[in-house]
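# Residue-level structural notes
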Amino acid sequence: MHPVHVRPMREDDLGSAERTSAATFLDADRTTRRVSYPEPQPRTPAASKQWIDRMRFYLDVDPEGCWVAVTEGPGGEEDVVGFAVSQNRGPLWYLATYGVLPSHQGRGIGKRLIDAALRHADGRPGIFSASVHPGATRRYRLAGFALHPQMHMVGTVDRSTLPAVRGLREGTADDLAWMDRLDRRIRVAGHGPDHGYMLNAMRLVVSRDIATPGYVYIDEHGQASLLAAADPATAQKLLWETLASSRGHTLVNCITTPNDWALDVGLAARLDIGQEGYIAVRGMPVPRPYLASGKFL
Ligand SMILES: CC(C)(COP(=O)(O)OP(=O)(O)OC[C@H]1O[C@@H](n2cnc3c(N)ncnc32)[C@H](O)[C@@H]1OP(=O)(O)O)[C@@H](O)C(=O)NCCC(=O)NCCS
C-alpha cells in the first residue's frame, strides 16, 4: 500500500475526489441498505457534476476546511483516496461530506482527515447529518459529538388532506438578511453565502410575518431541503406548502425528536415514519423548529 498524505484540497483534486466519493458512498449504501430498500445505483453524470460544483463552492468560500488524503503513483500523479469537507460560517462549523475509499478504510485515514477538519473548527459548535456507517458513527462519537437519531417520512401525499395555507409567499434575495437573523436564533449562525447557493438552485417560500418568520427551500423533486421557522405552527405551514408541491413518492428528511411537529404534518398527509442516520451536534443543541439540509446544515 502506498503512503497516504493528508493535505488541503485543491481545485485540481475535484475530479479524482468525485470518483472516490461516488465509489465510497455506493459501497456504503450497499453495505448499510435495509432489505426493503431498492438496490443503490451508481451516481449519474448530472449528480457528479453537481457534487463537483458544490465542492468548488466550499473551496471558494472556506478552503481551509477542505481536506483530502492522497496516494502518489509511480509518475508522481496523485489519487484522492479520502476527503473531509467542512466549513466555518461565523461561529458555527459544519461537515459537508466525509469519506475514505473502501479499500483504504479502517487504517486511521478517516481519523487524520476529521482531525484536520476539526482543527479548522477551532472550538466552534459543530453540526452535520451522519450516515449509519459503523466507521463513521464510531469516529463521530469518539470526536465528542452527540448523535440524535433522525426520522423521515415517506409515501405519496393524500392530496385531499392538504389544507388551505395562508400568509406565505415566494422568497427572493431581499429575504436573505432576515433569514440569517432567524438562523442565528435557531442554529448559532446564519447560512450566509450558502443561502445564495440554495436560492440559485431551489424554490424559496417564506413567511414574512414579523412575529412568525420562517422559510423553506423546496428542491426540484418538490421536497423540503432546509426549513427554519420561529415557531412550530409556522414550520408546519411551510411543510404543508412543501407537501402540496410534491409529485408522486416524496420524502421529508432529517426529523429529530425536538422537531416532531413535522411528524404530525406527515401523518396527517398519510406519509409513513421511518428512521435513518443521525444529526450530530457538539457544543450546541439540536436546532428547532428546523429541518436541516444534509449539505448546508
Ligand atoms: C467514515 C469513514 C470516512 C471513516 O474512515 P476510515 O479511514 O475507515 O476511519 P478510521 O480508520 O480512522 O476510523 C474508523 C474507525 O471505525 C472502525 N471501523 C471502520 N470500518 C468499520 C466497520 N465497517 N465496522 C466496524 N468498525 C469499523 C475502525 O476500526 C476505526 O476505529 P478505531 O480507530 O478505534 O480502530 C469511512 O468509514 C467511510 O468512508 N465510510 C463510508 C462513507 C460514510 O458513511 N461517510 C460518512 C458520511 S456522514
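Residues numbered from 1 in each chain as written. Predicted model: local features only at pLDDT ≥ 70, side-chain atom pairs only at ≥ 80, totals over all residues. Heavy atoms only, no water.

### Describing the site of the ligand
The ligand sits among 23 residues. The nearest are Gly106, Lys111, Ser131, Arg138 and Arg139. Contact between the ligand and Lys111: an oxygen atom at 2.8 Å from a main-chain N or O atom of the residue. Measuring from an oxygen atom of the ligand, one finds a side-chain N or O atom of Arg139 at 2.8 Å. Relative to its free-state accessible area of 930 Å², the ligand is covered by the protein chains to the extent of 76%. Of all the elements in the fold, those that place two or more residues in the shell around the ligand are α1 (14-32), β4 (92-100), α3 (109-121), β5 (126-130) and α4 (134-142). If one sorts the elements of the shell around the ligand by residue count, α4 sits on top with six residues. Of the residues that constitute the shell around the ligand, the class distribution is nine nonpolar, ten polar and four charged. (Near = heavy atom within 4 Å. Polar contact = N/O pair within 3.5 Å; in protein donor to acceptor, adjacent residues only side chain to side chain. Areas by Shrake-Rupley, 256 points an atom, 1.4 Å probe, with all protein chains shown as cover. Helix = DSSP H or I, 4+ residues; strand = E, 2+ residues; numbered from the N terminus. Nonpolar A, V, L, I, M, F, W, Y, C, P; charged D, E, K, R; others polar.)

### Re the sheet that holds strand β11 (residues 249-255)
Spatial ordering of the open sheet is given by β1-β2-β3-β4-β5-β12-β6-β11, a layout of eight strands whose pairing is mixed. If you trace the sheet from one side to the other, it starts and ends with β1 (4-8) and β11, each paired once. With direction set aside, neighbouring strand axes in the sheet form an average angle of 25 degrees. Pairing between β4 and β5: two bridges, direction parallel. (Pairing = 2+ DSSP bridges. Axes fitted to C-alpha atoms, helices over the stretch in contact; angles between N-to-C directions.)

### Remarks on the pattern of salt bridges
Applying the stated criterion across every chain yields a total of 15 salt bridges. Between Lys111 and Asp115 there is a salt bridge; the shortest N-O distance is 2.8 Å. Note that Lys111 and Asp115 are positioned in helix α3 at a spacing of four residues, about one turn of the helix. According to the relative accessible area criterion, Lys111 is partly exposed, its value standing at 37%. Notably, a salt bridge pairs Arg203 with Glu241, separated by 3.2 Å at the nearest N-O pair. Taken as a pair, Arg203 in strand β8 (residues 203-207) and Glu241 in helix α7 (residues 232-245) lie far apart in primary sequence, 38 residues in all. Residues participating in the shared-partner salt-bridge network are Arg7, Arg10, Asp12, Asp13 and Glu78. (Salt bridge = Lys/Arg side-chain N within 4 Å of Asp/Glu carboxyl O. Buried < 20%, exposed > 50% of the residue type's maximum accessible area, 1.4 Å probe, protein only.)

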